[in-house]
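Listed below, chain by chain, are the residues.
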Amino acid sequence: MCGRYATTTNPGRLTAELDAIDETGTRPGAGGSYAANYNVAPTTQILTVVERHDHDHPDDDTRRRIRRMRWGLIPHWAKAAEPGVPVTGKPLFNARAEKAATTPSFRDAVKYRRCLIPMDGWYEWLVEPDPSGPGKGAKPKVVKYPYFMSYADGSQLYMAGLWSVWRDRTQPDTEPLLSCTVLTTDAVGDLTRIHDRMPLPMPEQHWEAWLDPDHPAPAALLEPPSEELVAGISVRPVSRLVNSVRNNGPELLNPAEGQAQQTTLL
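Conventions adopted
Residues numbered from 1 in each chain as written. Predicted model: local features only at pLDDT ≥ 70, side-chain atom pairs only at ≥ 80, totals over all residues. Heavy atoms only, no water. Helix = DSSP H or I, 4+ residues; strand = E, 2+ residues; numbered from the N terminus. Rg over C-alpha atoms; globule rule 2.2 N^0.38 Å. Buried < 20%, exposed > 50% of the residue type's maximum accessible area, 1.4 Å probe, protein only. Contact = heavy atoms within 4.5 Å. Areas by Shrake-Rupley, 256 points an atom, 1.4 Å probe, with all protein chains shown as cover. Lys, Arg positive; Asp, Glu negative; His and termini not counted. Charge placed at Lys NZ, Arg CZ, Asp CG, Glu CD. Pairing = 2+ DSSP bridges. Salt bridge = Lys/Arg side-chain N within 4 Å of Asp/Glu carboxyl O.

## Comments concerning the overall build of the protein chain
Looking only at helices and strands, the protein chain has 5 helices and 15 strands in total. At 19 Å, the protein chain has a C-alpha radius of gyration in line with the 18 Å of a compact globule built from 266 residues. Taken along its principal axes, the extent of the C-alpha atoms in the protein chain is 65 × 45 × 35 Å. Split into buried and exposed, the 266 residues of the protein chain put 46% on the buried side. Residue pairs in contact within the protein chain that sit at least 24 positions apart in sequence constitute 69% of those at least 6 positions apart. Split by element, the accessible area of the protein chain, about 13,800 Å² in all, is 50% carbon and sulfur. When the 29 positive and 33 negative side-chain charges of the protein chain are each reduced to one mean point, those points stand 9 Å apart.

## Considering the pairing of strand 11 (residues 142–151)
The buried count for strand 11 comes to 7 of 10 residues, which makes it a mostly enclosed element. Alignment of strand 10 (residues 121–129) against strand 11, held across 9 bridges, turns out to be antiparallel. Bridge pairing in strand 11 places Gly-121 opposite Ser-150. Where strand 11 and strand 15 (residues 233–237) come together, 5 bridges link them in antiparallel fashion.

## Concerning the pattern of salt bridges
This structure, assessed with the given rule, holds 7 salt bridges. The residue Arg-67 makes a salt bridge to Glu-23 at a minimum N-O spacing of 2.7 Å. With Arg-67 in strand 5 (residues 63–71) and Glu-23 in the loop between strand 2 (21–22) and strand 3 (37–40), this pair connects stretches of sequence that are 44 residues apart. Summarising the burial analysis for this pair, Arg-67 and Glu-23 share the class buried. Where Asp-190 meets Arg-193, a salt bridge forms, and the shortest distance between an N and an O atom there is 3.5 Å.

What follows is the structure in structure tokens.
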């Protein structure tokens, strides 16, 4: 799964690197500034990459666009809890790649609304018995050790995502709400030592087909990545400060104190 990640990129950098149009300042709740986020959590506004036709010139060629979206997909058919506010229910921040095409909340997005979600790396937790003892209750005490998965050379990761546009049909003048989810797949290689699921990385050679808004993506792009693709992803224990979403800063990526976690993994 992917429930927390870190990103230090910004719209300007993505616009230049991807030859894209920066639309982050034109979306609801986007604001005009951006700061690195070392503890991105669901419901946060995040950066995404999409490929779309121009709204006023739909016959023109598509262009890549950088957009901000709420992390936690809201299906277009969701009802309004109050004017302009959707009924969100359980945050749909992950979607299983192998089931998304047949899941009501995601199947429309799989066809024509796919995106890339840039990140420096993502966090996952290894749960182990508490070394201080089993505790007094029936439920055993456990400790959650965080790990950070990222390319060893510092390269940007681009994960496959789906997105949706929600409109309050009772309030036609309100701005639409854009939201997205991260596709997950079976973990492969050394990543299985931490968790059985992982976000689905999308290599650059498949971006054109993945982002194409006019055609469904080839089914092969929803399959687990090859071990060769994830071979460059390193796994390292980091500070337990990341366990709380209130903490945010580069110190979250500091090496974990002691070597117990490293030994457990390797």
